[in-house]
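Here's the letter readout for the chains.
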Amino acid sequence: MNHIETDLIRHQSPRSQHGEHSSSIYLTSSFTFESAEHARAMFAKEQEGYIYSRYDNPNVDELIDKICRLEGAEDGIAVASGMSAVFTGLAGLLGQGDHVLACRSVFGSTHQILTQILPKWGISHSYGDINNLESWADLVQPNTKMCVVETPSNPALDLIDLAWLGRFCRERDILLLVDNVFATPLLQTPIRFGAHLVMHSTTKFIDGQGRGIGGILVGDSEQIAKIRFFARHSGPAMSPFNAWLFSKSLETLPVRMERHCDNAEKLAQYLADHDDIAFIRYPHHHTHPQYELAKRQMCRGGGLVTFELKGGLDHGRAFLDALNMCSLSSNLGDTRTIATHPASTTHSSLTEEDRQAVGITAGLVRISVGLEHHEDLIRDISTALEKTRHLANSTSLKIS
Ligand SMILES: Cc1ncc(COP(=O)(O)O)c(C=O)c1O
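Residues numbered from 1 in each chain as written. Predicted model: local features only at pLDDT ≥ 70, side-chain atom pairs only at ≥ 80, totals over all residues.

## A few points about the overall build of the protein
Of regular secondary structure, the protein possesses 15 helices and 12 strands. In terms of overall dimensions, the protein has C-alpha extents of about 80 × 55 × 35 Å along its principal axes. Counting all 400 residues of the protein, 47% fall into the buried class. Within the protein, contacts between residues separated by at least 24 positions form 74% of all contacts whose residues are at least 6 apart in sequence. (Helix = DSSP H or I, 4+ residues; strand = E, 2+ residues; numbered from the N terminus. Buried ≥ 20, exposed ≤ 12 C-beta atoms within 10 Å, placed from the backbone. Contact = placed C-beta atoms within 7 Å.)

Right under this line is the structure:
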């Protein structure tokens, strides 16, 4: 059997009569039938094949196959965005009166789905605290059907013990959906710990070059079949072009993740040693409160580092403005290093209280560490820290 790196490069949909080396793009809305009888048999599912790209498409299938191999999943479905993957998974499996148990530190838009959208259809939720796992059993209700968690969380990089959670959900017949965006399937495979479903925003490390929006959900074939029915008729399909882009990107994911992690480790250490930093968060840095767990369930620490400057919000903002090379953007998982201020951007829709509850302090800065040479990256950050200090000394900004 090949190594996964080889499979990601060599697995592709069958070549056309032209013998193209790179997969061709099936940019077509529909597929033709050989006869009226063939059309009937295809719709009756008596014959296999492609009908319409809202249902499935060769490029989309190639991407799904690769992610299933990476995650150890039976089947999957690819959709238009990461949020579409979360929503399609929930809407495809839940019904009126169901209850969802979720980790409090979920992505901002997942929080909106749970608190603002699902209640419209009578679906309720409770939030569990990762620092108080003993309380989770009391949060389970007779109608609890799913558990939704994100680990590491965006942006606080909190972890949840997947081995514990996998057992907890299996013992209670609760479907476990894990948002694995930050870890990627190369650093952590939740199905191994008992998850039924794993979702990715392919927008992030899977594309890895900040070009396309997409999402994917993989897991148990029985659950995916129900989700596929919902998607087939509600229509969140991924575009074949984006699927082709993401599948090509997977060819380089292992190489890219090595470099993302190498650079992030170096940056985390640099920041941890810096006098102007109040604290850093990086799963494989020994100061992370869940360092032992991170070592157990993630083979490397990932490409995200968060930190808080001494001086809080004002200093954080001055630092962002002083960056020269690093981009200010809300995306992550790009070749280019990106600095984000979650409290005023990606997580601004949360109340101050909700942000505090998930560790998003006012001055928290999130760095999505790119693939630039680490010396250039650290130089840009160190110059920005220096400028922030000068500004603090010469104006009302005070380093506390
Ligand atoms: C952890 C996490 N989950 C889900 C999403 C949503 O993905 P998308 O933007 O592709 O809809 C994001 C986006 O930043 C994310 O960071």
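## A few points about the sheet that holds strand β3 (residues 124–128)
Read across the open sheet, the seven strands follow the order β1-β7-β6-β5-β4-β2-β3; overall the sheet is mixed. Each of the sheet's edge strands pairs with one partner strand only, and the pair in question is β1 (75–79) and β3. Averaged over all adjacent pairs, the angle separating strand axes in this sheet is 20°, with direction ignored. In the sheet, strand β6 (residues 197–201) pairs with strand β7 (residues 215–219) via five bridges, with the strands oriented antiparallel. Looking at β7, one finds that H200 is bridged to I216. (Pairing = 2+ DSSP bridges. Axes fitted to C-alpha atoms, helices over the stretch in contact; angles between N-to-C directions.)

## Quick word on the site of the ligand
Residues in close proximity to the ligand total 13 residues, the closest being S81, G82, M83, S201 and T203. Of the residues assigned to the shell around the ligand, the class counts are five nonpolar, six polar and two charged. (Near = placed C-beta within 6 Å. Nonpolar A, V, L, I, M, F, W, Y, C, P; charged D, E, K, R; others polar.)

## Considering the nonpolar core
Membership of the largest hydrophobic core comes to 101 residues, with the highest contact counts inside it found for A78, A102, L267 and V305. With seven residues, helix α11 (residues 253–272) is the largest single contributor of residues to this core. Two domains each donate at least three residues to this core, and these are domain 1 (4–250) and domain 2 (253–394). (Core = buried A, V, L, I, M, F, W, Y, C linked by C-beta atoms within 7 Å. Domains from an automatic or database assignment.)

## A look at the domain arrangement of the protein
Considered domain by domain, the protein is made up of domain 1 (4–250) and domain 2 (253–394). Here domain 1 and domain 2 have C-alpha centroids that lie 28 Å from each other. Here the side of domain 1 that touches domain 2 is built from residues that sort into 14 nonpolar, 11 polar and five charged.

## A look at the sheet that holds strand β11 (residues 338–340)
Reading across the sheet, the five strands line up as β8-β9-β12-β11-β10 and stay open at both edges, with mixed pairing between neighbours. Because the sheet does not close on itself, it has two edges, and the strands there are β8 (277–281) and β10 (327–328). Summarising the sheet, β11 and strand β12 (residues 364–368) pair through three bridges and their orientation is antiparallel. Within β12, the residue paired with A339 across the bridge is I367.

## Re the environment of G72
Along the polypeptide, G72 turns up in the loop between α3 (58–71) and β1. As a C-alpha pair, G72 and I191 span 119 residues in sequence and 6.8 Å in three-dimensional space.

## Considering the environment of I67
With respect to the element layout, I67 can be found in helix α3. Distance in space between the C-alpha atoms of I67 and A237 is 16 Å, their sequence separation being 170 residues.

## Side note on the pairing of β12
Most of β12 sits out of view: five of its five residues are buried. Residues L364, R366 and S368 line one face of β12 and the alternating positions V365 and I367 line the opposite face, and both faces are buried. Examined bridge by bridge, strand β9 (residues 304–309) and β12 share five bridges and lie antiparallel to one another. In the sheet register, F307 faces β12, and the bridge partner there is V365.

## Topic: helix α10 (residues 240–250)
Of all the 11 residues making up α10, nine are buried; the element is thus mostly covered by neighbouring parts of the structure. Taken together, the buried positions of α10 are occupied by P240, N242, A243, W244, L245, F246, S247, S249 and L250. Structurally, α10 contributes buried residues whose contacts are with α1 (4–10), α3, β1 and α11.

## So, the pairing of β6
A regular strand places its side chains on the two faces of the sheet in alternate fashion. Counting buried positions along β6 yields five of five residues, so the element is predominantly enclosed. Side-chain alternation along β6 places L197, M199 and S201 on one buried face and V198 and H200 on a second face that is also buried. For strand β5 (residues 175–179) and β6, the ladder comprises three bridges, and the chain directions are parallel. In the sheet register, L177 faces β6, and the bridge partner there is L197.

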